[in-house]
Amino acid sequence: MELNSASKEQLAQWEQDLAAEYQAIKAKQLNLDLTRGKPSSEQLSLSDAMDGILNGDYKTADGTDTRNYGGLDGIAEIQAIGAEILTAPVENVLAGGNSSLTLMHQAMSVAYFFGLNGADSAWSKESTVKFLCPVPGYDRHFAVCEHLGIEMVTVPMTANGPDMDVVEKLVAEDHAIKGMWCVPKYSNPTGVVYSDETVQRIAALGKVAAANFRVFWDNAYGVHDLSAEPVALASIFDACKAAGTEDSVLQFASTSKITFAGAGVAFMAASSANLAGFKKSLGFMTIGPDKINQLRHAKFFAAPGSLKAHMEKHAAIIKPRFASVLSHLEEAFGNNDLGQWESADGGYFISFDTRPGLAKEVVKLAGEAGVKLTPAGATFPYGNDPQDANIRIAPTVPTVAQVDEAMKVFVTCVKLASVRQALA
Ligand code: PLP
């Protein structure tokens, strides 16, 4: 389907055929959902053996009774797993509660109100506070900024990560910019893995940025590979050490999409100075994390290689769903310009760009035909995609047959909206 060279008659004929196809789909009264970026029940069941794994033994290797208060850093056994996921030294890892989003919100609140490096470093002391947001990105990151009244400045994503020419210029010129959101591996939603050069350039930002600038490095999908030979993400910790900018990056991850999404363990890795600054405030919020859950996780992943083997089981479940999405997109749009997408090798999402001005219409058409899609614009700060092009596809929860059915509808909706736009 080549819209640019098609005659008016050809376009009108396509519109008629697609509209009939669309009506036939509507008549089926489907009820499908591609919005939920969460694990399926089948994936959650992979971790059921954690239940009862402690079998009455609540002590850690160093004799700590996990049932009691205390231990702001988390237990040593789980810090080691956090260090493996975040490729950071274990002494720089803090293990918290069940949510990395909570840790990120706490870290940002501490940086904003109290400062990670003494009271003078608090962002709230300055009249304007800005944050760089690579787009499309994760809506909950943007919501944290919005909650704290931090002004968001968008930066385009490329196939190698954020456009670093733009980032470097902004960060050097405007010291009201206090940080940047990053999902460096299988980025939400574009699936991009930051290149080694991008990692190095991000580590170097601390040399030109404001002294209280902090990159929020949310490595939520660090071990969520689908391919047997995944692309490796360079260690930001090592890159910062080499650049002498250890204080400029805070790293986060969790086991939410490894074990139980509502009952995992969250991690933060940071320089000793940042951890000390953060813990000064954290100590007012809690006496310590849920160490029993931390110990359950540590026991579940005690055997060397068990984390990788576990992630391979997730991959086996997710892969056919990703394959279905990608094959539908390739077949429908592989040889035309009706849409663009990245074929992610991991993570939870596939990001699709329609022709400009059509994302909202496609989401509406699909919704009316019984296929729920994430609202257009959700992947941009303030829900505003200036191109109205990006749609996030989340295929993990439906069955493979449901993904297949939903993608047939999606493709029809994209074609119909595109043809109607060309005719208008
Ligand atoms: N970060 C990213 C990039 C995510 O996509 C998600 C969930 O979708 C989260 C964080 C949430 O993590 P947690 O469950 O640890 O709060």
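Calculation notes
- Residues numbered from 1 in each chain as written.
- Predicted model: local features only at pLDDT ≥ 70, side-chain atom pairs only at ≥ 80, totals over all residues.
- Heavy atoms only, no water.
- Salt bridge = Lys/Arg side-chain N within 4 Å of Asp/Glu carboxyl O.
- Helix = DSSP H or I, 4+ residues; strand = E, 2+ residues; numbered from the N terminus.
- Buried < 20%, exposed > 50% of the residue type's maximum accessible area, 1.4 Å probe, protein only.
- 1 Å grid on protein atoms, 1.4 Å probe; cavity = no way out; pocket = protein on both sides within 12 Å on 5 of 7 lines; lining within 4 Å.
- Points joined across faces, edges and corners; volume = space filled by probe spheres on them.
- Nonpolar A, V, L, I, M, F, W, Y, C, P; charged D, E, K, R; others polar.
- Domains from an automatic or database assignment.
- Near = heavy atom within 4 Å.
- Polar contact = N/O pair within 3.5 Å; in protein donor to acceptor, adjacent residues only side chain to side chain.
- Sits in = over half its atoms within 2 Å of the grid points.
- Phe/Tyr/Trp six-rings, centres within 6.5 Å; stacked < 30°, edge-to-face > 60°.
- Axes fitted to C-alpha atoms, helices over the stretch in contact; angles between N-to-C directions.
- Parallel < 35°, antiparallel > 145°, perpendicular 65-115°, else oblique.
- Left-handed = near helix turned anticlockwise from the far one by under 90°.
- Contact = heavy atoms within 4.5 Å.
- Disulfide = S-S within 2.5 Å.
- Pairing = 2+ DSSP bridges.
- Right-handed = clockwise from strand over helix to strand, strands pointing away.
- Lys, Arg positive; Asp, Glu negative; His and termini not counted.
- Buried area = accessible area lost by both parts, 1.4 Å probe.

Visitor: Which parts of the structure should I look at to understand the pattern of salt bridges?
Guide: Counted according to the given criterion, the structure contains 18 salt bridges. Ionic pairing is found between Arg-67 and Asp-65, a salt bridge with its closest N-O pair at 3.0 Å. Ionic pairing is found between Arg-355 and Asp-337, a salt bridge with its closest N-O pair at 2.8 Å. On the criterion of sequence distance, the pair formed by Arg-355 in the loop between β11 (350-354) and α12 (359-368) and Asp-337 in the loop between α11 (306-333) and β10 (339-341) is long-range, its members being 18 residues apart. For Arg-355, a relative accessible area of 13% puts it in the buried group.

Visitor: Honestly, the layout of surface pockets in this entry has me stumped. Any pointers?
Guide: Empty space among the atoms can be located by rolling a probe the size of a water molecule over them. Considered as a void within the structure, the largest pocket measures approximately 620 Å³ in volume. Lining the largest pocket we find 24 residues, and of these Gly-37, Tyr-138, Arg-140, Tyr-221 and Lys-257 sit closest to its centre. Broken down by secondary-structure element, the contributors of at least two residues to the lining of the largest pocket are α4 (100-113) and α5 (139-148). If you tally residues by element for the lining of the largest pocket, the top one is α4, at three residues. Residue composition of the lining of the largest pocket, grouped by class: eight nonpolar, nine polar and seven charged. Both of domain 1 (8-43 + 309-423) and domain 2 (60-304) provide at least three residues apiece to the lining of the largest pocket.

Visitor: Help me understand the site of the ligand, please; the structure alone is not making it clear to me.
Guide: As a matter of local geometry, the ligand sits amid 13 residues, with Ser-100, Asp-218, Tyr-221, Ser-256 and Lys-257 nearest to it. In the environment of the ligand, an oxygen atom lies 3.0 Å from a nitrogen or oxygen atom belonging to the side chain of Asn-188. Separating an oxygen atom of the ligand from a side-chain N or O atom of Tyr-221 is a distance of 2.6 Å. Using a 2 Å cut-off from the grid points, one finds that the ligand occupies the largest pocket. In terms of residue count, the dominant contributor to the shell around the ligand is α4 (three residues).

Visitor: Explanation requested: the packing of aromatic side chains in the structure shown.
Guide: The way to describe two aromatic rings as a pair is by their centre distance and the angle between their planes. Tallied over the entire structure, the rule returns 14 aromatic pairs. Look at Tyr-112 and Phe-113: their rings are 4.9 Å apart centre to centre, the planes differ by 75 degrees, and that puts the pair in the edge-to-face class. Residue Tyr-112 is classed as buried on the basis of its relative accessible area of 15%. An aromatic cluster of three or more residues is present, and its members are Trp-123, Phe-131, Trp-181, Phe-216 and Phe-252.

Visitor: What is the right way to look at the packing of helix α3 (residues 76-86) against helix α10 (residues 291-300) in this model?
Guide: The packing of two helices is summarised by the inter-axis angle and the distance between the axes. The contact between α3 and α10 brings their axes to 8 Å, and the two run at 60 degrees. Accordingly, the angle class assigned to the pair α3 and α10 is oblique. In the packing of α3 onto α10, the handedness of the crossing is left-handed. Of the residues in α10, those in contact with Glu-77, Ile-78 and Ile-81 of α3 are Gln-294, Leu-295, His-297 and Ala-298. Counted by class, the contact of α3 with α10 contains four nonpolar, two polar and one charged residues.

Visitor: How should I be thinking about the state of the cysteines in this particular structure?
Guide: By the definition in use, this model includes zero disulfides. The thiol of Cys-145 is unpaired, and the distance to the nearest cysteine sulfur, on Cys-133, comes to 4.9 Å. Not part of a disulfide, Cys-240 finds its nearest cysteine sulfur in Cys-182, a span of 11 Å.

Visitor: Sorry, what's going on with the pairing of strand β8 (residues 249-254) here?
Guide: Successive side chains on a regular strand alternate, one facing one side of the sheet and the next facing the other. Taken across its six residues, β8 has six buried, putting it largely inside the fold. Inspection of the sheet shows strand β7 (residues 214-218) paired to β8 by four bridges, in the parallel sense. Within β8, the position partnered with Val-215 by the bridge is Val-249. The β-α-β motif built from β7, the intervening helix α8 (residues 236-243) and the parallel element β8 has right-handed crossover chirality. Two elements, β8 and strand β9 (residues 266-269), share four bridges in a ladder whose sense is antiparallel. Residue pairing for β9: Phe-252 is matched across the bridge by Met-268.

Visitor: What am I meant to see in the side chain of Lys-291 here?
Guide: Turning to its location among the elements, Lys-291 is positioned in helix α10. The buried charged residue Lys-291 lacks any salt bridge partner; its closest oppositely charged side chain belongs to Asp-290, at an N-O distance of 7.5 Å. A distance of 2.5 Å separates a polar atom in the side chain of Lys-291 from the backbone oxygen of Asn-68. Leave out the neighbours within four places in its chain, and Lys-291 touches Thr-64, Asp-65, Thr-66, Asn-68, Tyr-69, Gly-70 and Ile-75.

Visitor: What am I meant to see in the sheet that holds strand β2 (residues 93-95) here?
Guide: Sheets are built from strands paired through backbone hydrogen bonds, the pairs being either parallel or antiparallel. Spatially, eight strands are ordered β2-β9-β8-β7-β6-β3-β4-β5 in an open sheet, and the strand pairing comes out mixed. The two strands at the open ends of the sheet, each matched to only one other strand, are β2 and β5 (161-162). Here helix α7 (residues 196-204) sits on the sheet and contacts β5, β6 (177-182) and β7; the angle it forms with β7, its principal contact strand, is near 145 degrees.

Visitor: Got a minute to help me understand the domain arrangement of the chain in this structure?
Guide: The assigned domain composition of the chain is domain 1 (8-43 + 309-423) and domain 2 (60-304). Here the C-alpha centroids of domain 1 and domain 2 sit 30 Å apart. Facing the 26 residues of domain 1 at the interface are 30 residues of domain 2. When the area that domain 1 buries against domain 2 is broken down by residue, the three leading residues are Met-311, Asp-345 and Tyr-382, summing to 24%. In this structure, the connection of domain 1 to domain 2 is made through eight residue pairs in polar contact (both at pLDDT 80 or more). Of all the secondary-structure elements, those providing two or more residues to the side of domain 1 that touches domain 2 are α11, β11 and β13 (390-393). Looking at the side of domain 1 that touches domain 2, the element that brings in the most residues is α11, giving seven residues.

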